[in-house]
Amino acid sequence: MRIGEFSRRVGVPIPTIKYYLRQGLLPPGILTSPNQASYGPRHEHRLRLVRALSELGGVPLARVRAVLKAMTEPDPTPLGVLRALREQDGGPDRERKPVPELHSEPEPEPEPDPHPDAGPEHDRARAVVLETFTRRGWRISPDASDVRKLTTAVLAVRRLGHADLATAALDAYADAGERTARVEARYIAEGRDPRQRAERAVMAALLGEALQASVRRLALEEAVRAPAR
């Protein structure tokens, strides 16, 4: 199909498709004439993957490129693509840059924290995080970006006087995370080949990010409402 039909089929504007092509996020179309190219199911699948990463997962385009590279290695692994998804370009909490064709004015960069994490309070919060996972036998790097994010969250809650909540909730989330991860790991392992297993790992990570916060909020509302029944 030509780019106009391709655009209508996937619901993505032509300028955005051309931007993705220039950035190497989409493979070139098949030339049918000097100024015409054709796009097929392979291009559609890749474009939907790029959009899922950038929109559903909020992944910056520079990191989308790194994830796609990890997925197209000769023998990709689920762990390899998950590490690319988590660590490349500063971790998953980095602000997503808008696509230039769709946004005329860039969003301002967040101001740097004038009080970088340091000191006994930070160390205690980090110890709580690491102890929770060490006790469970999780093999994590103490310097992982997610450990830093969790430490920041625990520190903020403890400073507000809710240290008990931080500790109890972290254990509860770890319990839920283990149960969910077992379901996702089975789905990944059932992939027919390394490339499909790598893509399944990315989809599991993105879906988890999208569902977790909303499901937890709904569950909390239900739990708070329950005593009134």
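Predicted, not measured: the structure shown is a model, and the values here were computed from it.

## Some details on the environment of A144
Here's step 1: Mapping A144 onto the fold places it in the loop between α6 (120–135) and α7 (145–159).
Here's step 2: On a C-alpha basis, the gap between A144 and R86 in space is 8.7 Å, while along the polypeptide they are 58 residues apart.

## A few points about a nonpolar patch on the surface
Here's step 1: Together, L207, L211 and V215 give the surface a local cluster of nonpolar side chains, amounting to about 260 Å² of exposed area.
Here's step 2: Position of L207 among the secondary structure elements: in helix α9 (residues 194–225).
Here's step 3: Classification of L207 as partly exposed rests on a relative accessible area of 46%.

## Structural notes on the pattern of salt bridges
Oppositely charged side chains are able to pair whenever their charged atoms sit close together.
Here's step 1: Evaluated as defined, the whole model comprises 13 salt bridges.
Here's step 2: Across the pair D175 and R136 runs a salt bridge whose closest N-O atoms are separated by 2.7 Å. Linking D175 in helix α8 (residues 163–189) with R136 in the loop between α6 and α7, this pair joins segments that are 39 residues apart in sequence.
Here's step 3: Looking at R136, the relative accessible area reads 21%, which means it is partly exposed.
Here's step 4: A salt bridge links R136 to E178, with the nearest nitrogen and oxygen atoms 3.1 Å apart. Of the two residues, R136 is situated in the loop between α6 and α7 and E178 in helix α8; the sequence distance between them amounts to 42 residues.
Here's step 5: A relative accessible area of 23% means that E178 is categorised as partly exposed.
Here's step 6: Here the salt bridges share partners, and the residues they tie into one network are E131, R135, R136, D171, D175 and E178.

## What about the packing of helix α3 (residues 41–56) against α9?
A pair of packed helices is characterised by two quantities: the angle between their axes and the separation of those axes.
Here's step 1: At their nearest, the axes of α3 and α9 sit 10 Å apart, and the two run at 35° to each other. Once α3 is placed against α9, the crossing between them reads as left-handed. Contacts from H45, L49, A52, L53 and L56 of α3 reach α9 at E199, V202, M203, L206 and A210.
Here's step 2: Looking at the contact of α3 with α9, its residues break down into eight nonpolar, one polar and one charged.

## Brief notes about the packing of aromatic side chains
Here's step 1: Applying the stated rule across the entire model yields three aromatic pairs.
Here's step 2: Both rings, one in Y19 and one in Y20, keep their centres 6.3 Å apart while their planes meet at 50°; by these two values the pair is tilted. Assigned by exposure class, Y19 and Y20 land together as buried.
Here's step 3: Where F133 meets W138, the ring centres are 4.7 Å apart and the plane angle is 15°; that geometry is what we call stacked.
Here's step 4: Directly above the aromatic system of Y187 lies the positively charged group of R200, at a separation of 4.0 Å from the ring centroid.

The rules behind each value
- Residues numbered from 1 in each chain as written.
- Predicted model: local features only at pLDDT ≥ 70, side-chain atom pairs only at ≥ 80, totals over all residues.
- Heavy atoms only, no water.
- Helix = DSSP H or I, 4+ residues; strand = E, 2+ residues; numbered from the N terminus.
- Patch = residues over 30% accessible without salt bridge, like charges linked within 9 Å, V, L, I, M, F, W, Y side chains within 5 Å.
- Areas by Shrake-Rupley, 256 points an atom, 1.4 Å probe, with all protein chains shown as cover.
- Salt bridge = Lys/Arg side-chain N within 4 Å of Asp/Glu carboxyl O.
- Buried < 20%, exposed > 50% of the residue type's maximum accessible area, 1.4 Å probe, protein only.
- Axes fitted to C-alpha atoms, helices over the stretch in contact; angles between N-to-C directions.
- Left-handed = near helix turned anticlockwise from the far one by under 90°.
- Contact = heavy atoms within 4.5 Å.
- Nonpolar A, V, L, I, M, F, W, Y, C, P; charged D, E, K, R; others polar.
- Phe/Tyr/Trp six-rings, centres within 6.5 Å; stacked < 30°, edge-to-face > 60°.
- Lys NZ or Arg CZ within 6 Å of the ring centre and 35° of its normal.

In short, geometric facts, not functional conclusions.
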